[in-house]
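# Summary of the model geometry
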Amino acid sequence: MPNTASAPEAVTDRELRAFLYGLPGVDEVGAAARAKDLSTRSVKTTAKARAIDLAISMVDLTTLEGADTPGKVRALCAKAARPDPEDRTVPSAGAVCVYPDRVGIAVEALRGTGIGVASVATAFPSGRAPLEAKLADTRAAVADGASEIDMVIDRGAFLSGDYLKVYEEITTVKEACGDAHLKVILETGELATLDNVRRASHLAIRAGADFIKTSTGKVSPAATPPVVLVMLEAVRDHHRDTGRRVGVKPAGGIRDTKGAIRNLVLVNETAGPDWLTPDLFRIGASSLLNDLLMQRTRLATGTYPGPDHYTQD
Amino acid sequence: MAEILEYAPAPESRSVVTLRENYDLFVDGGFVPAESGESLTSLNPADESALATVAVAGPTDVDRAVSAARQAQENVWGPMSGAERGKYLFRIARILQERSRELAVLETMDNGKPIKETRDVDLPLAAAHFFYHAGWADKLHHAGLGTDPRPLGVAAQVIPWNFPLLMLAWKIAPALATGNTVVLKPAETTPLTALVFAEICQEADLPAGVVNIVTGAGGTGRTLVEHPGVDKVAFTGSTAVGRGIARAVAGTRKRLTLELGGKGANIVYDDAALDQAVEGIVTGIFFNQGHVCCAGSRLLVQESVAEELLSRLKERVSRIRVGDPLDKNTDLGAINSADQLSRIREVTDSGEAEGVERWSPACDLPTAGYWFAPTLLTGVSQSHRVAREEIFGPVLSVLTFRTPEEAVAKANNTPYGLSAGVWTEKGSRMLWTAERLRAGVVWSNTFNKLDPASPFGGYKESGYGREGGRHGLEAYLG
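Description of the structure in this document. Within any chain, residue numbers begin from 1 and follow the written order of that chain's sequence. Numbering of ligands from 1 and lettering of chains from A proceed in the order in which they are written. Residues qualify for local features only when their pLDDT is at least 70, as the model is predicted, and side-chain atom pairs are given and counted only at 80 or more; totals for whole chains, interfaces and linings, by contrast, use all residues. Note: side-chain values were computed over all heavy atoms of the structure, leaving out hydrogens and water.

### Some points on the overall build of chain A
In plain terms, the rule: Secondary structure is summarised from DSSP: a helix means a run of H or I of at least four residues, a strand means a run of E of at least two, and numbering begins at the N terminus for each. With C-alpha atoms as the basis for the radius of gyration, the globule rule is written as 2.2 Å multiplied by the number of residues raised to the power 0.38. Burial classification: accessible surface area is computed with a 1.4 Å probe over protein chains only, and a residue below 20% of its type maximum counts as buried, one above 50% as exposed, and the rest as partly exposed. Per-residue accessibility takes into account occlusion by the displayed protein chains alone, with areas from the Shrake-Rupley method and a 1.4 Å probe. Charge counting treats Lys and Arg as positive and Asp and Glu as negative, with His and both chain ends excluded. Charge coordinates come from a single atom per side chain, which is NZ of Lys, CZ of Arg, CG of Asp or CD of Glu.
Looking only at helices and strands, chain A features 12 helices and eight strands. Taking 2.2 N^0.38 as the reference for a compact globule, 313 residues should give roughly 20 Å; the C-alpha atoms of chain A span a radius of gyration of 19 Å, in line with that estimate. Expressed as lengths along the three principal axes of its C-alpha atoms, the size of chain A is roughly 60 × 45 × 30 Å. Within chain A, the proportion of its 313 residues that are buried is 58%. Entry remark: accessible area of chain A is about 12100 Å², with carbon and sulfur atoms responsible for 51%. Put simply, chain A has 38 plus and 40 minus side-chain charges, and the middle of one group is 4 Å from the middle of the other.

As C-alpha cells, this is what we get:
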C-alpha cells in the first residue's frame, strides 16, 4: 500500500494558499496534447495480455446505487474474488467498493479472500453534510470492517477559496479512518480547470491522502485522460520532493479494455512503472471488468465469447 | 529487469507499399529513363538496406523537363480557369488521403522518421496543403495582390530530405494553384514519395508537363536552378547551398524564395507551465530526430527554474523510445544518412571538447543503420559552436538567462531567425517577448505547430519569402 503519511502539520490559510498558488500552472492545450499522444501507444499481444491482468487486479469493483441489495453486493464480492469462474488464472479484483451500510455484508462475503472492502463516505457523492455527519459516516464504515475509505472533498469550499476548510476536513476524516486507507475524491468534473485539479491533488496529498481519486462517477466528465495525467504528475512530484508514494484512482467513464490500457500507459510514462501496482493505482468501475474478461478470453482463445457469458451484476 | 508494461513490438506492415526496383524520371506526364544512364540508390536509414534505384537527371533531362513544363504552362495550365485548376488540386488532396497509409510507411522507410509522425503529421499536413491551396485557385483576385495576378511561369523547386512529401506539398500546391507549372527535384536520400506522388498526378489525370520530377543529387539541383528556362526558384535546405543558389540566380529574371537553416530559441520563463514546457522542449528538438529547420535547438531557461526544469526534462527524455521507425510506439527514429550522422557527431563532440556537459539517457541503439541518442548539452554559452551552428539532429543546447532582456538578446544573437518559442503563463510577458524576437515564427506555449493557412519563413540567414497562407501565394504571382 502507499506509504502512510506522517501526521500532517498544522497550516494557516495564508500558508496553504501560498503553497497551492506556487505550484506550476497547467497549460490545458499542452496537457491534452500529451494525453492524446500517449493514447496512440500500441499495446498488443503479450503486452496486452499482461496489461489486461494488471488492469483486472486494479479494478475497484463498484456498486453505488440506491437500489443496491445485499444479494447484489454478495454477487459483486463473488465476482471480485473470482472474476471468471471458468478460468482460475484470472487474478482477483483490487477491492469492492460499496456504500457504508453495505460494508458489513461485503466484509462477510469476502472473508478469507484477502480482498479489501472500500466504502464511500462523507456524504457521498455531494459532500454536502455537517462534518459530524461525515465523520459518523466514516467511523461506521470503518467499524464494519472497511479497509479503505473513499471520501469526497467539499468542492464548494474549494472553489470559493476556503482551502483550509478542505484541508482540515481531510485531516479529520483521515484521523477517523484509523488504519483504513484514505482515498480522496476530488470530483474533477466540478473543478473546471486543470490548475484546480493540480491544486486539489496537492492539497489532498498534503492533508494525508493515501490515494487521490478523480470522481464519484455521478458527475460527467469524470476520469478524462488530461485529468489523470495531471494527477499522476502530482503524485510523481510529491514523491520526488518527499519520498512518499501516493496512489491514483481514476473512476467513472472507463468502460472498456482500451480505456483501461490507455490509463496504464499514462501511469507508465508519467508517474512511472513503480505505480503499476494495485497498491498505487486503481480503476473505479463497474462495467469495465466484463470487457477486460472478454478481451482476455479473445486474446487467449481467438474467439470473442460475447456479453452473455459474463454476469451482469 | 523487464518492465511491468513492456510494449510488445507493434510494427506497421510494409505490405501496403509496392516498390519498383528502378524509378525513371517523371517528365511530361510519363516515366522516362535518364539520358545520362546514371542512377543512385535510396537506402532505408534504419537498417541501411537498399530500397530502390532512381535515375539521375543530367542537363538534357532537366532541359526536357523544363520544356515540358513550359509547354504545359503556356498551352494548358496557365490558360485554365482557377476553378478547373482547383478541381485537380482537390483530387490530388483526396488521393493523398486515400493512399496516406502507404505513403506514410514509404516515407518512414525512406527517411527513417517514426511512423507515428508520418501518419499523424506529414501525411495529414501534406493533404491539408493541397486542400488549402485548391480553395485559393479560383479566388486569387481576392488575395490582395491586384485584380488580375498572373503566374510567373515555370518554377524550379528543390526540396530537402527532412519532410520529403510535406516539402513537396509546400512547394507544388501553391505553384499549381497560382497557374505555374513545376520541375521538382527531391533530395537524393529521400526521392521515393515524390515518385509515388508522380503516380498520383497520373491517377488524378493532371495534364502532362504540369508536374515534372527530376531525381538526382546536388548536380541535378544546380542544373535545374541555373536553367535559363525557369522563371522562379524555390529552395528549402541548408544556408550554404541557399547562398550558392542566390548567387546563381543573381542578375537573372528569376524570382527566388529560400527556406534555410535555423537555431531556434525556446525561452522558458520561471512562471511557465513546467510540465507542458517540457513537452514543448521535447517536441521542439526531438520531433523528426531534430531534422527540422525550425527546431527549438537552443533552450533558454530562466535560472531560477533551470534546475527543476532540467530534472523534469531528463526524466521525460529518458522515456523517449528510440528504435524501429515502423514501430507505432517509436518516438525517435533513425538519422537520415551517414553524412548527417557524422555531422551531428562532429558538432556534438566539439561541444564536449569545448567543455560543455553532455547527457543522454541509457538507450540501446540498433547496430545497423544510422542512430544518435537524444542528447542534452548543458553549461553551454553563446560562444560555443553548439550554440551557434545548426546541428540538425536530436541535440539540445541548454543556456540560462536571468532577465527577460537577456533572454531576448540571447535568442536574437544568431545569424538565423526562423523560429522561437516563449513559455510563460503571463500574457503580457509573452507579448513583450514575442514582439522583440526576430524570427519568422514565434510559438507561445507550444512548438513546431504548422498549418497551411499560416505563413512560414525566416529572418536574416534563415532565408526570404514566405510559404503558406495568403503570403505564400505572393511568391508565385507577378
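### Notes on the sheet that holds strand 4 (residues 148-152) of chain A
All names here are of chain A. Our working rule: Here the rule is simple: two strands pair whenever DSSP picks up at least two bridges between them. Here an angle of 0 to 180 degrees is reported between the N-to-C directions of two axes, which are lines fitted to C-alpha atoms, with helices fitted over the stretch in contact.
The eight strands lie next to each other as 7-6-5-4-3-2-1-8, forming an open sheet whose pairing is parallel. Looking at the sheet topology across the chains shown, the edges are occupied by strand 7 (247-249) and strand 8 (283-285). Pairwise comparison of adjacent strand axes, ignoring direction, gives a mean angle of 25° for this sheet. Both strand 1 (residues 59-62) and strand 8 contribute to a ladder of three bridges, which runs parallel. When the bridges of strand 8 are listed, Asp60 appears paired with Gly284.

### Brief notes about the sheet that holds strand 15 (residues 395-401) of chain B
All names here are of chain B. Defined as follows: It only takes one pair of heavy atoms within 4.5 Å for two residues to be counted as in contact.
With respect to topology, seven strands assemble into an open sheet ordered 13-14-15-12-11-16-17, the strand pairing being mixed. Each edge of the open sheet carries a strand with a single partner, namely strand 13 (357-359) and strand 17 (441-444). Across the sheet, the mean angle from the axis of one strand to that of its neighbour is 20°, orientation sign disregarded. Judged from the four bridges that link them, strand 11 (residues 265-268) and strand 16 (residues 419-423) form a sheet pairing that is parallel. Each bridged residue has a counterpart across the sheet, and for Val268 the counterpart in strand 16 is Trp423. Packing of helix 13 (residues 404-412) onto the sheet brings it into contact with strand 11, strand 12 (298-302) and strand 15, and relative to strand 12 it is tilted by some 170°.

### Structural notes on empty space enclosed by the protein
In plain terms, the rule: A 1.4 Å probe that fits into a set of points on a 1 Å grid over the protein atoms alone but cannot get out defines a cavity; an open set with protein on both sides within 12 Å along at least five of seven lines defines a pocket, and lining residues are those with an atom within 4 Å of a point. Grid points are joined across faces, edges and corners, and a volume is the space filled by probe spheres set on the points. Each residue gets one of three labels, nonpolar for Ala, Val, Leu, Ile, Met, Phe, Trp, Tyr, Cys and Pro, charged for Asp, Glu, Lys and Arg, and polar for the others, Gly among them.
In the structure shown here, the tally under the stated rule is four cavities of 30 Å³ or more. In this structure, the largest cavity spans a volume of roughly 150 Å³. In this structure, the largest cavity is lined by 13 residues; those nearest its centre are Arg236 and Glu269 of chain A together with Asp275, Glu279 and Arg316 of chain B. Mapped by element, the contributors of at least two residues to the lining of the largest cavity are helix 10 (225-242) and helix 11 (257-270) of chain A together with helix 9 (274-286) and helix 10 (303-318) of chain B. Taken as a whole, the second largest cavity encloses approximately 90 Å³ of empty space. Residue lining of the second largest cavity: 17 residues in total, with Ala411, Thr414, Gly417, Ser419 and Arg438 of chain B positioned closest to the centre. Only helix 13 and strand 16 of chain B provide two or more residues apiece to the lining of the second largest cavity. Its residues assigned to classes, the lining of the second largest cavity comprises seven nonpolar, six polar and four charged.

### Focus: the interface of chain A and chain B
Rules: By definition, the buried area sums, over both parts, the 1.4 Å-probe accessible area that each loses when the two are put together. By definition, a salt bridge exists where a carboxyl oxygen of Asp or Glu is found within 4 Å of a side-chain nitrogen of Lys or Arg. Side-chain atoms alone can form a polar contact between residues adjacent in sequence; in general such a contact is a pair of N or O atoms within 3.5 Å, and within protein one must be able to donate a hydrogen while the other accepts it.
Counting residues at the interface gives 33 residues for chain A, matched by 28 residues for chain B. In total, chain A and chain B occlude about 2500 Å² of area from one another, counting both sides; carbon and sulfur atoms represent 44% of this. Arg240 of chain A is the salt-bridge partner of Glu308 of chain B, the closest N and O atoms lying 3.3 Å from each other. Where chain A meets chain B, there are 16 residue pairs in polar contact (both at pLDDT 80 or more). Secondary-structure elements contributing two or more residues to the side of chain A that touches chain B are helix 2 (28-39), helix 3 (45-58), helix 10 and helix 11 of chain A. The leading source of residues in the side of chain A that touches chain B is helix 3 of chain A, at six residues. Counted by class, the side of chain A that touches chain B contains 12 nonpolar, nine polar and 12 charged residues.

### Observations regarding the nonpolar core
Within soluble globular proteins, side chains that are nonpolar generally end up buried alongside one another. Heads up, the condition is: We call a set of buried residues a nonpolar core when its members are Ala, Val, Leu, Ile, Met, Phe, Trp, Tyr or Cys and they connect through side-chain atoms within 4.5 Å of each other.
Within the largest apolar cluster, 103 residues are counted, with the highest numbers of intra-cluster contacts made by Phe130, Phe197, Val211 and Leu313 of chain B. Sort the elements by how many residues they give to this core and helix 5 (residues 164-177) of chain B lands first, with 11 residues.

### Details of the side chain of His227 of chain B
As for its placement among the helices and strands, His227 of chain B is situated in the loop between helix 7 (218-226) and strand 9 (232-236). With residues up to four places along the chain from it excluded, the contact list for His227 of chain B reads Val62, Asp63, Val66 and Lys254 of chain B.

### Structural notes on the packing of helix 1 (residues 13-21) of chain A against helix 9 (residues 194-206) of chain A
Residue and element names in this part refer to chain A. Quick note on the threshold: For classification, angles of less than 35 degrees are called roughly parallel, those exceeding 145 degrees roughly antiparallel, those between 65 and 115 degrees roughly perpendicular, and all remaining angles oblique. Left-handed is the label given to a crossing in which the near helix is rotated counterclockwise from the far helix by less than a right angle, and right-handed is the label when the rotation is clockwise.
The interhelical angle for the contact between helix 1 and helix 9, taken along N-to-C directions, is 130°, at an axis separation of 9 Å. The angle between the axes of helix 1 and helix 9 places the two elements in the oblique class. The chirality of how helix 1 crosses helix 9 is right-handed. Counting all contacts with helix 1, which are made through Glu15, Leu16, Phe19, Leu20 and Tyr21, the residues of helix 9 involved are Arg199, His202, Leu203 and Arg206. Residue composition of the contact of helix 1 with helix 9, by class: five nonpolar, one polar and three charged.

### Structural notes on the pattern of salt bridges
Residues and elements named next belong to chain A. If you walk through the whole model with that rule in mind, you get 62 salt bridges over all chains. Residue Asp60 pairs with Arg282 through a salt bridge whose shortest N-O separation is 2.8 Å. With Asp60 in strand 1 and Arg282 in the loop between helix 11 and strand 8, this residue pair connects regions lying 222 residues apart in the sequence. A relative accessible area of 0% means that Asp60 is categorised as buried. The class of Arg282 is buried, set by a relative accessible area of 4%. As a salt-bridge pair, Arg155 and Glu190 come within 2.8 Å of each other at their nearest N and O atoms. With Arg155 in helix 7 (residues 155-159) and Glu190 in the loop between strand 5 (181-185) and helix 9, this pair connects stretches of sequence that are 35 residues apart. A relative accessible area of 6% places Arg155 in the buried class.

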